[in-house]
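What follows is each chain in one-letter form.
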Amino acid sequence: MKVLVIGSGAREHALCRSLSLDPAVTALHCAPGNAGIAEVAELHPVDPMDGAAVAALATDLGTDLVVVGPEAPLVAGVADAVHAAGIPVFGPSGEAARIEGSKAFAKDVMAAAGVPTARSYVCSSAEEVARALDAFGAPYVVKDDGLAAGKGVVVTHDLDAAKAHAAACERVVVEEFLDGPEVSLFALTDGETVVPLQPAQDFKRALDGDEGPNTGGMGAYSPLPWADPKLVEEVLETVLQPTVDEMRRRGIPFAGVLYAGLAITSRGVRVIEFNARFGDPETQVVLARLKTPLAGVLFAAAQGTLADLEPLRWSEEAAVTVVVASHNYPGSPRTGDPITGLDAVAAEDAPHAYVLHAGTRRDGAAIVSAGGRVLSVTATGEDLVQARDRAYTAVARIGLDGSQHRTDIAAKAAGV
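This text gives an overview of the structure that appears in the document. Computed from a prediction, not measured in an experiment: that's the story for all the values here.

## Quick notes on the environment of V232
Structurally, V232 can be placed in helix α9 (residues 231–249). Spatially, the C-alpha atoms of V232 and A14 are 23 Å apart, while their sequence positions differ by 218 residues.

So this is what it looks like as structure tokens:
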């Protein structure tokens, strides 16, 4: 199978790494990719938002499967262009991807499907926002209705900050605050059959102790030793399958990854949000534990044959990923700084720990930073304690001037 992955982040590096280890994959391509992905796939300088260009590249390469990683190309309809070219594509149509592209649309789908979620108001004026904030009280939860790369949500006790965030957006969803720990659960679906993956937990805040501003994610771990063993089964029955059934009923079947961001509240499981793609950095730890070869699973989802697959096989090991971010992230990041220590990790820590690239590029012989989140240092171990130790040992080998990372990823779950 010849596979083309679209995107350039650590999520795409994780996908490419898993695909490169799949004996069924005979050729692996990525557009546009990054410096790390270049080690396992052939890169192509194609704009991931240009559906026609992506479809043309896939056609030229004789691709058997296209995997669209990021949300923006999906919402823009890139999967539709590939599908129209007659090539199997893993990722929802532009219309189906609205479940991530519009929080208001997602709320409407959940209401129709009977999916448990936070009470909310969709607001498009300052007056509506003020009334909604007053109705729910603090802490205030204000979400940009559109795509915001994981940074469109403000949770604050500061009423002025909540109003300021709303004022910066065209339309917002104001929600009640959901208590309890958060869980990320991905499910593969072909529009009918739903196959959940193993749950993970990510860390959104920039600083230790869940302090600082929201980010796209500073680390993640899987499995969740504190979670109810029946959690996945419950979410499949009450959230994932009803949502996929409702999308199909509306004539916009959802095929790809349906990512449920969940809060385990005192009143039960509630959906915080849906995404239409693999989450970053949770993908890094979920794929680290998946033993079933990836290409055939993604191909089955693209072709509508998930029901024919054997059950997925999972490692009993734990996985932890720690994001190394550039100076000033999540503000305007500093880029162009050299990265050292990557060879040392490969020599000293493999195969239990490895580095997945996010915002990197090659500058002559050097690899330099090229974005806010620069690397996802990922490790596996017999348990979370060992996986954490291995991840942070590898992080310590890496040099990036002014870089930052959290030191408490999975600490509470590991009991350390």
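## Structural notes on the sheet that holds strand β6 (residues 120–123)
One open sheet holds the 4 strands; their spatial order is β6-β9-β7-β8, and the pairing between them is antiparallel. Each end of this open sheet is capped by a strand with a single partner; those strands are β6 and β8 (153–156). Between one strand and the next, the sheet's axes are offset by a mean angle of 20°, whatever the strand orientation. Note that strand β7 (residues 140–144) and strand β9 (residues 172–175) share 4 bridges and pair antiparallel. Of the residues in β9, the one forming a bridge with K143 is V173. Contacts between helix α8 (residues 159–167) and the sheet are confined to β7, β8 and β9, with β7 contributing the most and set at about 10° to the helix.

## Let's talk about the layout of surface pockets
Which parts of space are left empty comes out when a probe the size of a water molecule is rolled across the atoms. Considering only enclosed or pocket space, the second largest pocket measures out at about 480 Å³ in volume. At the level of secondary structure, the elements contributing two or more residues to the lining of the second largest pocket comprise α1 (10–20), β19 (339–340), α12 (342–348), β20 (353–357) and β22 (366–369). Looking at the lining of the second largest pocket element by element, the count peaks at 5 residues for β20. Here the lining of the second largest pocket is composed, by residue class, of 14 nonpolar, 6 polar and 4 charged.

## Regarding unusual backbone geometry
Between A138 and the following residue, P139, the backbone shows a cis peptide bond with an omega angle of -5°. Along the chain, P139 turns up in the loop between α7 (126–136) and β7. P330 follows Y329 through a cis peptide bond whose omega is 10°. Tracing the backbone shows P330 in the loop between β18 (318–325) and β19. Positive phi outside glycine occurs at D210, with the angle close to 55°. For D210, the position within the fold is in the loop between β13 (205–207) and β14 (211–214). Its identity as a non-glycine residue notwithstanding, N328 has a phi of 85°, on the positive side. A residue is classified by how much of its surface remains accessible, and N328, at 44% relative accessible area, is partly exposed.

## A look at the nonpolar core
Among the nonpolar cores identified, the biggest contains 73 residues, and V66, I99, L240 and V320 are the most heavily contacted of them. Apart from residues no more than four positions distant in its own chain, V320 is found in contact with A220, Y221, V285, V377, T378, A379, L384, A387, R388, A391, I409 and A410. Grouped together as the second largest cluster of nonpolar side chains are 41 residues, V67, L294, A295 and L306 included.

## Here we look at the side chain of H44
Tracing the backbone shows H44 in the loop between β3 (42–43) and α2 (51–61). The exposure class assigned to H44 is buried, which follows from its relative accessible area of 11%. Ignoring any residue separated from it by four or fewer positions in sequence, one finds H44 in contact with H29, C30, A31, P32, L57 and L61.

## Some details on the packing of aromatic side chains
As enumerated under the stated definition, the model contains 5 aromatic pairs in all. Ring centres of F186 and Y259 lie 4.9 Å apart, and the angle between their planes is 65°; this geometry places the pair in the edge-to-face category. On the criterion of sequence distance, the pair formed by F186 in strand β10 (residues 182–189) and Y259 in strand β16 (residues 256–265) is long-range, its members being 73 residues apart. For F186, a relative accessible area of 1% corresponds to the buried category. Using a relative accessible area of 4% as the deciding quantity, one classes Y259 as buried. Of the aromatic side chains, those joined through ring pairs into one cluster are F90, F186, Y259 and F278. If you follow R17 out to its NZ or CZ, it ends over the ring of Y354, 3.6 Å from the centre.

## Considering the packing of α1 against helix α10 (residues 282–289)
Geometrically, a packed helix pair is captured by the angle between its two axes and the distance between the axes. Remark: α1 packs on α10, axes separated minimally by 8 Å, with the N-to-C direction vectors making an angle of 15°. The orientation of α1 relative to α10 falls into the category roughly parallel. For the crossing formed where α1 meets α10, the hand is left-handed. On α10, the residues that touch A10, R11, A14, L15 and S18 of α1 are T283, Q284 and L287. Grouping the constituent residues of the contact of α1 with α10 by class yields 4 nonpolar, 3 polar and 1 charged.

## A word on the sheet that holds strand β17 (residues 268–275)
Reading across the sheet, the 4 strands line up as β11-β10-β16-β17 and stay open at both edges, with antiparallel pairing between neighbours. Looking at the sheet topology across the chains shown, the edges are occupied by β11 (194–196) and β17. Averaged over all neighbouring strand pairs, the angle between strand axes comes to 35°, with direction disregarded.

## Concerning a negative patch on the surface
A surface patch of like charges, here negative, comprises D228, E233, E234 and E237. Here D228 lies in the loop between β15 (219–222) and α9.

## A short note on the state of the cysteines
Linking two cysteines covalently via their sulfur atoms produces the bond known as a disulfide. Per the stated rule, a full pass over the model turns up 0 disulfides. Looking at C123, it has no disulfide partner, and the nearest cysteine sulfur is the one in C169, 11 Å off. By relative accessible area, which is 2% here, C123 ends up buried. Look at C169 and you get buried, because its relative accessible area is 12%.

Analysis parameters
- Residues numbered from 1 in each chain as written.
- Predicted model: local features only at pLDDT ≥ 70, side-chain atom pairs only at ≥ 80, totals over all residues.
- Heavy atoms only, no water.
- Helix = DSSP H or I, 4+ residues; strand = E, 2+ residues; numbered from the N terminus.
- Pairing = 2+ DSSP bridges.
- Axes fitted to C-alpha atoms, helices over the stretch in contact; angles between N-to-C directions.
- Contact = heavy atoms within 4.5 Å.
- 1 Å grid on protein atoms, 1.4 Å probe; cavity = no way out; pocket = protein on both sides within 12 Å on 5 of 7 lines; lining within 4 Å.
- Points joined across faces, edges and corners; volume = space filled by probe spheres on them.
- Nonpolar A, V, L, I, M, F, W, Y, C, P; charged D, E, K, R; others polar.
- Buried < 20%, exposed > 50% of the residue type's maximum accessible area, 1.4 Å probe, protein only.
- Core = buried A, V, L, I, M, F, W, Y, C linked by side-chain atoms within 4.5 Å.
- Phe/Tyr/Trp six-rings, centres within 6.5 Å; stacked < 30°, edge-to-face > 60°.
- Lys NZ or Arg CZ within 6 Å of the ring centre and 35° of its normal.
- Parallel < 35°, antiparallel > 145°, perpendicular 65-115°, else oblique.
- Left-handed = near helix turned anticlockwise from the far one by under 90°.
- Patch = residues over 30% accessible without salt bridge, like charges linked within 9 Å, V, L, I, M, F, W, Y side chains within 5 Å.
- Areas by Shrake-Rupley, 256 points an atom, 1.4 Å probe, with all protein chains shown as cover.
- Salt bridge = Lys/Arg side-chain N within 4 Å of Asp/Glu carboxyl O.
- Lys, Arg positive; Asp, Glu negative; His and termini not counted.
- Charge placed at Lys NZ, Arg CZ, Asp CG, Glu CD.
- Disulfide = S-S within 2.5 Å.

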